[in-house]
Amino acid sequence: MNLPSVGGYIDLIRLILGESVRYFAVLLFAVLAIRLWRGGRRLAGSHRWQSLLVAGVFGVLAAGIGWFSIRGSMAMLYSHYATQAFEAGRLDSACVLFDTSTKYRSDAAAIGKEGVCLLWLGNSAQGEALLERARQLRGGPSAFEDYYHGLYYILNGETKRGVPFFETASPDAAYHWPVLKYFAALALDVNDPTNAADLMKPYMEADVTDADQAYIVASLKFLAGQKAEAQKLADKFYSPDLPPFWKTRFEKLQARLKADPH
């Protein structure tokens, strides 16, 4: 549902480096254990047993690190495919995959994303519980979780509950623009075009590229007396296939444009 961000690529690089370090440590301890074991068998007396004991310690460390590394890698693999399913809109599959990921490793991000899936699938009680658990494990909010948490409330008509989540998600570059458009639309809903215009001021001269932006710009132009420009945008970007939130508002705008005598 979102384009990859620079932060996402940085996280991926960190992930690759972290995994490489873990598996290198497994290899290093395994090689040391083997060499000490082979060398210890050629020694005599106490030196032999000391060498074999150290070899055993390194072997246990290699096995332990390997075990946790494999589980961590499986968790990340399932989380990766779950994220792909989520972005494709396959929430049922994403939910199952995130749940499987958390069985390999209890990770706040996977738990929170599973909570988002459950929330949007209609299991609000369990979804809310997982979102709260993720927040506690992480020790703070997640922009991803807060954006979809807030969006769930706003699309279901619970604006007051959704706005605080949007406010905490909006500083993140990945969600700032979507949140701003929803805030501008909500301001227009309550007949507060001044607030909507202030929010959209930096973007009013930008190219209109999507229906969300088109609705807001067209509404502001209509209120400013630029009916022809507003009508052009409304005609270009309206579609019966728009999400209900935007489709309803477009239809109201179209009705106002037709009713206006000027």
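Rules of the game
- Residues numbered from 1 in each chain as written.
- Predicted model: local features only at pLDDT ≥ 70, side-chain atom pairs only at ≥ 80, totals over all residues.
- Heavy atoms only, no water.
- Helix = DSSP H or I, 4+ residues; strand = E, 2+ residues; numbered from the N terminus.
- Expected span 1.5 Å × (residues − 1).
- Buried < 20%, exposed > 50% of the residue type's maximum accessible area, 1.4 Å probe, protein only.
- Arc of directions from axis to C-beta.
- Contact = heavy atoms within 4.5 Å.
- Phe/Tyr/Trp six-rings, centres within 6.5 Å; stacked < 30°, edge-to-face > 60°.
- Lys NZ or Arg CZ within 6 Å of the ring centre and 35° of its normal.
- Salt bridge = Lys/Arg side-chain N within 4 Å of Asp/Glu carboxyl O.

**Student:** Explanation requested: helix H12 (residues 244–259) in the structure shown.
**Tutor:** Helical geometry note: an α-helix holds 3.6 residues per turn, so side chains three or four residues apart project in the same direction. In a regular helix each residue adds 1.5 Å, so 16 residues correspond to 22 Å; H12 covers 22 Å between its end C-alpha atoms and thus fits that length. Among all positions in H12, only Phe245, Trp246, Arg249, Phe250, Leu253, Gln254 and Leu257 are buried. The buried residues of H12 occupy one face: seen down the axis, they fall within an arc of 155°. Exposed residues pointing more than 90 degrees away from the buried face of H12 are listed as Pro244, Lys252, Lys258 and Ala259. In this structure, the buried residues of H12 make contact with helix H6 (143–155), helix H8 (173–189), helix H10 (211–223) and helix H11 (227–237).

**Student:** Help me out: how do you make sense of the packing of aromatic side chains in this one?
**Tutor:** To describe a pair of aromatic rings, you give the distance between the ring centres and the angle between the ring planes. Inspection of the entire model under this criterion finds 19 aromatic pairs. Between Trp120 and Tyr152, the ring centres sit 6.0 Å apart and the planes meet at 65°, which makes this aromatic pair edge-to-face. Of this pair, Trp120 sits in helix H4 (residues 108–120) while Tyr152 sits in helix H6, and the two are 32 residues apart along the sequence. Lying across the ring of Phe144, Lys113 places its NZ or CZ 5.3 Å from the centre. It is Arg249 that lies over the ring of Phe245; its NZ or CZ is 3.7 Å from the centre.

**Student:** What should I look at first to understand the pattern of salt bridges in this one?
**Tutor:** Should their charged atoms come close, side chains of opposite charge can pair. One pass over the full model with this rule turns up 9 salt bridges. Across the pair Arg161 and Glu158 runs a salt bridge whose closest N-O atoms are separated by 3.1 Å. Look at Glu158 and you get partly exposed, because its relative accessible area is 30%. Bridged by salt links that share partners, the residues Lys181, Asp210 and Asp212 form one connected network.

None of the figures reported here should be taken as evidence of function without further support.
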